[in-house]
Amino acid sequence: MRLFNGEIIDLKTKAHIMGILNVTPDSFSDGGEFDQLTLAHRHAEKLVAEGADWIDVGGESTRPGAEPIPVATELERVLPVIRSIRSIPGIRISVDTRNSETARLALQEGAVFVNDVSGGLHDPEMLPMLAKTQSPCCIMHMRGNPSTMRSHSEYSNVVQEVTNELMERVATALSLGIQPEQIVVDPGIGFAKTPEQSFLIISQLKQLCRLGFPVLIGASRKRLLMLVSDAPPRERLGGSIALALIAVQNCAAIVRVHDVAATVQAIRTWEFVKRFAQS
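Residues numbered from 1 in each chain as written. Predicted model: local features only at pLDDT ≥ 70, side-chain atom pairs only at ≥ 80, totals over all residues. Heavy atoms only, no water.

Undergrad: Can you walk me through the packing of aromatic side chains in this structure?
TA: Both the distance between ring centres and the angle between the ring planes are used here to describe each pair of aromatic rings. Per the stated rule, a full pass over the model turns up two aromatic pairs. Measuring from centroid to centroid gives 5.2 Å for Phe-272 and Phe-276, while their planes differ by 65 degrees, and the two rings are edge-to-face. Note that Phe-272 and Phe-276 are positioned in helix α9 (residues 260-278) at a spacing of four residues, about one turn of the helix. Taking relative accessible area as the criterion, Phe-276 reaches 56% and is therefore assigned exposed. (Phe/Tyr/Trp six-rings, centres within 6.5 Å; stacked < 30°, edge-to-face > 60°. Helix = DSSP H or I, 4+ residues; strand = E, 2+ residues; numbered from the N terminus. Buried < 20%, exposed > 50% of the residue type's maximum accessible area, 1.4 Å probe, protein only.)

Undergrad: Is there a simple way to explain the environment of Val-114 in this structure?
TA: Structurally, Val-114 can be placed in strand β4 (residues 113-116). Distance from Val-114 to Pro-128, taken between C-alpha atoms, is 13 Å for residues 14 residues apart in sequence. Contact partners of Val-114, with chain neighbours within four places excluded, come to Val-95, Thr-97, Ala-103, Leu-107, Met-126, Leu-130, Ser-135, Pro-136, Cys-137 and Cys-138. (Contact = heavy atoms within 4.5 Å.)

Undergrad: I would appreciate a short explanation of the pattern of salt bridges in the present structure.
TA: When the charged atoms of two side chains with opposite charge come close together, those side chains can pair. Inspection of every chain in the model, using the stated rule, returns 14 salt bridges. In this structure, Glu-109 engages Arg-86 in a salt bridge whose closest nitrogen and oxygen atoms are separated by 3.0 Å. Of this pair, Glu-109 sits in helix α3 (residues 100-109) while Arg-86 sits in the loop between α2 (71-85) and β3 (93-96), placing them 23 residues apart in sequence. The residue Glu-165 makes a salt bridge to Arg-143 at a minimum N-O spacing of 2.6 Å. With Glu-165 in helix α5 (residues 158-175) and Arg-143 in the loop between β5 (137-140) and α5, the pair connects residues that are 22 residues apart, well separated along the chain. You can call Arg-143 buried: its relative accessible area is 19%. (Salt bridge = Lys/Arg side-chain N within 4 Å of Asp/Glu carboxyl O.)

Undergrad: When you look at the sheet that holds β5 in this model, what are you seeing that I'm missing?
TA: Note: strands within a sheet are paired through backbone hydrogen bonds, in either parallel or antiparallel orientation. Strand order in the open sheet made by the eight strands is β6-β5-β4-β3-β2-β1-β8-β7, with parallel pairing throughout. Of all the strands in the sheet, the pair left with one neighbour each is β6 (183-186) and β7 (216-217). Each of β5 and β6 is contacted by α5, which is oriented at about 160 degrees to β6, the strand it contacts most. (Pairing = 2+ DSSP bridges. Axes fitted to C-alpha atoms, helices over the stretch in contact; angles between N-to-C directions.)

Okay, structure coming up:
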């Protein structure tokens, strides 16, 4: 994959860790913790030092029930952070946005990847903009929007239907001129899916991987873990690491996480053991 800055990366030889940097007041797990520029910069430095391959900067909460915010508000939150953290050595910045204007300006300021949880459905200008700039992107599956998605979780076969609907979005992206090697796909854990459906998708992730696109999984601290434990979001480290590791074992190329250091240690240990098993 060629990033927006021209860097070539390999998503096949190791799992990539995407550290989450929410600069929002209302995200489900860390809302308000990093919505000040100095705090956001320090957290980005910490995540990079812990081994994050990417930092995903988001200025709009997409938790279940969240209402949309004006693009101007999202830009006020995101752009100063990107300008600040782009100087951190070794950083790769992804912008987590559904809005083409935010994505376009973020790329101009130093982002190298666009992560759109709506798969281009929220803003009809998003996919054409990505094609025009040839920016790499993640296309995620979601039905409805954050405020309505809980009412769109009826499936006859969730794995097959999510795969089919996601491939429809990919086909649209390709038809608009986005190159296949610039696309990552995400089944959207927790987005228009029940906890049980999300677990099923992770357990059968190889079905999506067979389509040939790198897969991103974001399950860190999410509500599906309440099927196992009633711990609050910040106390779901064990479950989050387990899901990240299972996703990588089932072929995920990127895992998006809050707790970078622990996730890096777990996945790199598994990769190290795997080398011995193959020798």
